[in-house]
Amino acid sequence: MKFYRMHVLVAQDTRSIMAGAKRVEEALNEEIRLAGLEDEIRVIPTGSLGFSDKDQVAIAIYPDNIIYCPVLVSTVPEIVKEHFLKGRVVKALAHPMEQKEVTMEERTSENQMNLDVQKRILLKNVGKIDPENIQEYIAADGYIALEKALFEMTPENVIEEVKTSELRGRGGAGFPTGLKWQFTRPNPGTEKYVICNADEGEPGTFKDREIMEGDPHKMIEGMIIAAYAIGGTHGYIYIRGEYALSIQRLQKAIDDCYEYGFLGKNILGTDFSFELCIHAGAGAYVCGEETALINSIEGKRGEPRKKPPYPPSEGLWQKPTLVNNVETFANIPAIISHGSSWYQSIGVEGSRGTKLFSLMGDVNWKGTIEIPFGTSVGDIVQNIGHGVRYDRQLKGIILGGSSGSLLVPEELTTPVDFHSLAQIEAGPGSGSIVVMDETRCIVDICLNIAEFFRHESCGKCTPCREGTAQICHLLEMIATGNGLPEDLEHLEKISQTMMDSSFCPLGQTAPSVLKQALKKYHQEFIEHIHNNNCPAGVCNMNFTEED
Amino acid sequence: MEEKKHLLEQLHDIQDADKNHHLPAKKVVELSEKHGYSPAKVYGVETFYTMYSTQPRGKHIIRICENQSCHMANAKCLVHYLESKLGTSVGGTTTDGLFTLELSSCLGMCSVAPAMMIDDVPFGNLTEDRIDEIIDSYKEGK
């Protein structure tokens, strides 16, 4: 293997490519060649470097630990001549330290926790390795966990380890992962399926994408270990059809796995075999529900099935099936290689490990973050998001996606963990944090969410199909100055009916933000209805049919 | 049996190969005959998923997001702007057959909202000026 004195990592996630990362990579290679440094410096594409809220290209220089951002094709010659050739950092382009705190792993050690509440386990390799190069993943201790599982552990040991780690599913419901595996294993059958739910469609969620684009092997390794544990023979990654780059990187990763013997027949020379392929969705939010997803793979309309039977006993093609989220699988390699007691040392009781969140809305810094459970919501907004934009007042936070919950500023001290959040009728949900400042209108926000669910309801059951449409209609009336006092009661009633009687979690959770809004921001609804006034000035209150 | 399994992917293949980016009725009937499905079943599937179209579409498909984060970043105005710029409403195709405008659910680019995709290429931090620039570059036959 060739030795290079310097590595230049070019962020090439979807956003960076959009900002011209590929052109910057070409320019870097060209300038390095012109400077005669091509045998000393290597340019490598990598995942996100954390500058995800700007249309800018970022590059990281190792071992110098310097990040340059923004990098344009026109600034490349200066960086190459000054820094790479003469060893002088181009200070004008080097990024301020506080942003580096967020991105550089070495600064996330325990003693830096006050500065930076992030802890990178799942995103350890993102922005450090080339996601399209399996050798780099292996060099970063990749597939060591698989080796350990196959050669030192029985499937039962693996399940026990995952159980003791107290890992809970990261898809939203938070079901204990080890238990799910345990339920799946004893069910008989020559074919058993392992499905990765990568149908990340919850509005405001893009954390799984960060793993798939930045470190696809991590979740694949987790899937292979899961297959070994439950006796899985075939696997599917069900991914959104819109995630083009993720599909491309996962496919490359799978192809390489077959070549290296991590997938296919007799993995690593053992008698364990596992086949894995990608199944692209075609645009249906409801397919994030596991039984709808299974129907979709079977080539049917993505409508949910009656439960029970649950997938562990009767899933894809009526065979035992394990369905876990991308982030859940990505947790597995670290649990197996470092052990469950190590994993238990991170986070708090009942919520172990770290959690990814997509942080966005009216904050100064937006992007994907990884925090240990127990960090408070306020800490995230203040220390990672650098506070509310334009020094405005915080109005509230939508936590866990459009089907999640609504937090008012007084609830910001709540630690992010399953138990504490449940106390305020919230949960980590899909893993998104949308910050709203004082200029936002709660009726408008609820209406937007309602429009989404009206569109995405699959129409199978009446409470959801009719309920989403009714809620949408009533909120439209309120937002246009045509609301009636009794509308609030109607909204309340419809929401409750949907929660009680919808067929699947889509309908059961569709009204949850609205329901909390009606309680926590009651006065704002009253203002709209009784005084024909939108306090935030967002709604067009004098809208009539003629407009 | 193996082939039957992946109806969605076969529909993707038909649509990707079609120059008007849609699922021609004739092809769909052929597919259902091949697998012994009723055409109604396949029609039910193709109309369930938003990425499939039973109608011919333009050369480029613009998918713009209007969910939460994009909504908070004023996506509605941009949808109207695109509609007037292209001279077609959401779901329609321009008269020159170059663009079809569609709404999409969250594209997962919330940190650079408002966002859209043209075919497989994503665009974020959209403004009216950015949209002009992007649309013009496609018109010039990028």
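The text that follows walks through the structure, step by step, so that each part is easy to find.

Rules used in this analysis
Residues numbered from 1 in each chain as written. Chains lettered and ligands numbered in written order. Predicted model: local features only at pLDDT ≥ 70, side-chain atom pairs only at ≥ 80, totals over all residues. Heavy atoms only, no water. Axes fitted to C-alpha atoms, helices over the stretch in contact; angles between N-to-C directions. Helix = DSSP H or I, 4+ residues; strand = E, 2+ residues; numbered from the N terminus. Parallel < 35°, antiparallel > 145°, perpendicular 65-115°, else oblique. Left-handed = near helix turned anticlockwise from the far one by under 90°. Contact = heavy atoms within 4.5 Å. Nonpolar A, V, L, I, M, F, W, Y, C, P; charged D, E, K, R; others polar. Buried area = accessible area lost by both parts, 1.4 Å probe. Salt bridge = Lys/Arg side-chain N within 4 Å of Asp/Glu carboxyl O. Polar contact = N/O pair within 3.5 Å; in protein donor to acceptor, adjacent residues only side chain to side chain. Buried < 20%, exposed > 50% of the residue type's maximum accessible area, 1.4 Å probe, protein only.

1. So, the packing of helix α10 (residues 216-230) of chain A against helix α11 (residues 244-260) of chain A
Residue and element names in this part refer to chain A.
Working step 1: Close contact between α10 and α11 brings their axes to 9 Å; oriented N to C, the two are set at 55°. Compared by their axis directions, α10 and α11 come out oblique. Considering the relative orientation of α10 and α11, their crossing is right-handed. Contacts between α10 and α11 pair Pro216, His217, Met219 and Ile220 from the former with Arg249, Leu250, Ala253, Ile254 and Cys257 from the latter.
Working step 2: Split by residue class, the contact of α10 with α11 holds 7 nonpolar, 1 polar and 1 charged.

2. What to know about the interface of chain B and chain A
Working step 1: Tallying the contact residues gives 39 residues for chain B and 61 residues for chain A.
Working step 2: In terms of surface lost to chain A, no three residues of chain B exceed B:Phe48, B:Gln68 and B:Met72, which account for 20% of the buried area on that side.
Working step 3: Viewed at the interface, chain A and chain B are joined by 1 salt bridge.
Working step 4: At the boundary of chain B and chain A, one finds 18 residue pairs in polar contact (both at pLDDT 80 or more).
Working step 5: Mapped onto the side of chain B that touches chain A, the elements with two or more residues apiece are α1 (7-17), α3 (39-46), α4 (68-72) and β4 (121-123) of chain B.
Working step 6: Among the residues making up the side of chain B that touches chain A, the classes are represented as 17 nonpolar, 15 polar and 7 charged.

3. Brief notes about the pattern of salt bridges
Residues and elements named next belong to chain A.
Working step 1: Summed over the entire model, instances satisfying the criterion amount to 36 salt bridges over all chains.
Working step 2: A salt bridge links Arg5 to Glu40; its shortest N-O distance comes to 2.7 Å. With a gap of 35 residues between them, Arg5 in the segment before β1 (6-11) and Glu40 in the loop between α2 (21-34) and β2 (41-46) connect regions that are remote in the sequence.
Working step 3: Residue class for Arg5 comes out partly exposed when judged on its relative accessible area of 36%.
Working step 4: Take Glu40: its relative accessible area is 32%, and that puts it in the partly exposed class.
Working step 5: A salt bridge links Glu524 to Lys395; the shortest N-O distance between them is 2.8 Å. Linking Glu524 in helix α22 (residues 522-530) with Lys395 in strand β13 (residues 394-399), this pair joins segments that are 129 residues apart in sequence. As far as burial versus exposure is concerned, Glu524 and Lys395 are alike and both buried.

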